[in-house]
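Each chain is listed here by its residues.
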Amino acid sequence: MSEQTIALVTGANKGIGYEIAAGLGALGTTVGIGARDPRRGEEAAAKLRADGVDAFFVPLDVTDDESVASAAALVEERFGRLDVLVNNAGIAGEWPTAPSAATPAVLGKVLDTNVIGVVRVTNAMVPLLRRSARPRIVNQSSHLSSLTLQTSPEVDFGDVDGVYMPSKTFLNAVTVQYAKELTGIKINACCPGYVATDFNGFQGHETPADGAKIAVRLATLDDDGPTGGLFDNAGTVPW
Ligand code: NAP
């Protein structure tokens, strides 16, 4: 019998993260529900368990060093390793913020979650991922991150934003560098589409379950799958 797969999804108490956890759970994966609020996290894990998913709550605020260290300790104590890390937690800041209106406070808050938070969690989990036979990391990016799309005359994202969009571009850059360093661990970034969640006042036109599909696919890549790329459901997205 093959070994149980252990995953951790950050920001999994709602939205796309919850559906990534559900999608991985439906494949038989044991899923840590990373959430910064204990009540929201416990409720999400309980709901997933009621649906047959082997889910457990992991207290995890990606902006807090101690919280991240405790989450790694919890996973280590319980399983001794981690197979899949999905860095999904993210914030929009005061979307949209024109570059000339971006304050260090707003920029710092968004970067601390969307970029530094990913680095904080990843670095805490890499020693556990190194103990996996098939380690995978997925970073939740966005089509809005793509400099190619941002500068294409064919593409109109509507808003000008100097905070959230650059934070996801930065995340892409970090993903590429991790892929170069962490040989043996597949690490990719993904674009969920425009998904109806709290994030955008439920304006998105895709369901969270559809938005979760690409992350689930990248989290379960075969050994001959890609690393260091940006993908959506249709395939490769240009940086
Ligand atoms: P969401 O429903 O607002 O969910 C965001 C999740 O991140 C929540 O669980 C939230 O927890 C969590 N989170 C925020 N800050 C956190 C922190 N410091 N520590 C731990 N968890 C934190 O939004 P979503 O649409 O599902 O977004 C998920 C990811 O997809 C984000 O990275 C976002 O940038 C990306 N994305 C979304 C869209 C879209 O159209 N929705 C498009 C492209 C990319 P709380 O419940 O405690 O706030």
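Structure first, text after, so check above.
Only a predicted model underlies this, so the values are computations on that prediction, with no experimental measurement involved.

A. Region of the structure containing helix 2 (residues 38-50). In this model, helix 2 (13 residues) spans 18 Å end to end at C-alpha, consistent with the 18 Å of a helix rising 1.5 Å per residue. Among all positions in helix 2, only Gly41, Ala44, Ala45 and Leu48 are buried. Down the axis of helix 2, the buried set is contained in an arc of 95 degrees. They therefore lie on one face. Facing away from the buried surface of helix 2 by more than 90 degrees, the exposed residues are Arg39, Lys47 and Ala50. Those residues of helix 2 hidden inside the fold are in contact with helix 1 (15-26), strand 2 (30-35) and strand 3 (55-59). Backbone geometry just downstream of helix 2 places glycine 52 in the positive-phi region, at approximately 95 degrees.

B. Molecular detail of the layout of surface pockets. In this structure, the largest pocket encloses a volume near 1200 Å³. Together, 41 residues line the largest pocket, and Gly90, Ile91, Tyr164, Thr197 and Phe199 are the ones closest to its centre. Those elements that provide at least two residues to the lining of the largest pocket are helix 1, helix 4 (104-129) and helix 6 (164-181). The leading source of residues in the lining of the largest pocket is helix 1, at three residues. Partitioning the lining of the largest pocket into residue classes produces 15 nonpolar, 16 polar and 10 charged. Along its surface, the second largest pocket is lined by 16 residues, and Glu3, Gln4, Thr5, Asp83 and Arg134 are the ones closest to its centre. Considered class by class, the residues forming the lining of the second largest pocket number five nonpolar, six polar and five charged.

Criteria and cut-off values
Residues numbered from 1 in each chain as written. Predicted model: local features only at pLDDT ≥ 70, side-chain atom pairs only at ≥ 80, totals over all residues. Heavy atoms only, no water. Helix = DSSP H or I, 4+ residues; strand = E, 2+ residues; numbered from the N terminus. Expected span 1.5 Å × (residues − 1). Buried < 20%, exposed > 50% of the residue type's maximum accessible area, 1.4 Å probe, protein only. Arc of directions from axis to C-beta. Contact = heavy atoms within 4.5 Å. 1 Å grid on protein atoms, 1.4 Å probe; cavity = no way out; pocket = protein on both sides within 12 Å on 5 of 7 lines; lining within 4 Å. Points joined across faces, edges and corners; volume = space filled by probe spheres on them. Nonpolar A, V, L, I, M, F, W, Y, C, P; charged D, E, K, R; others polar.

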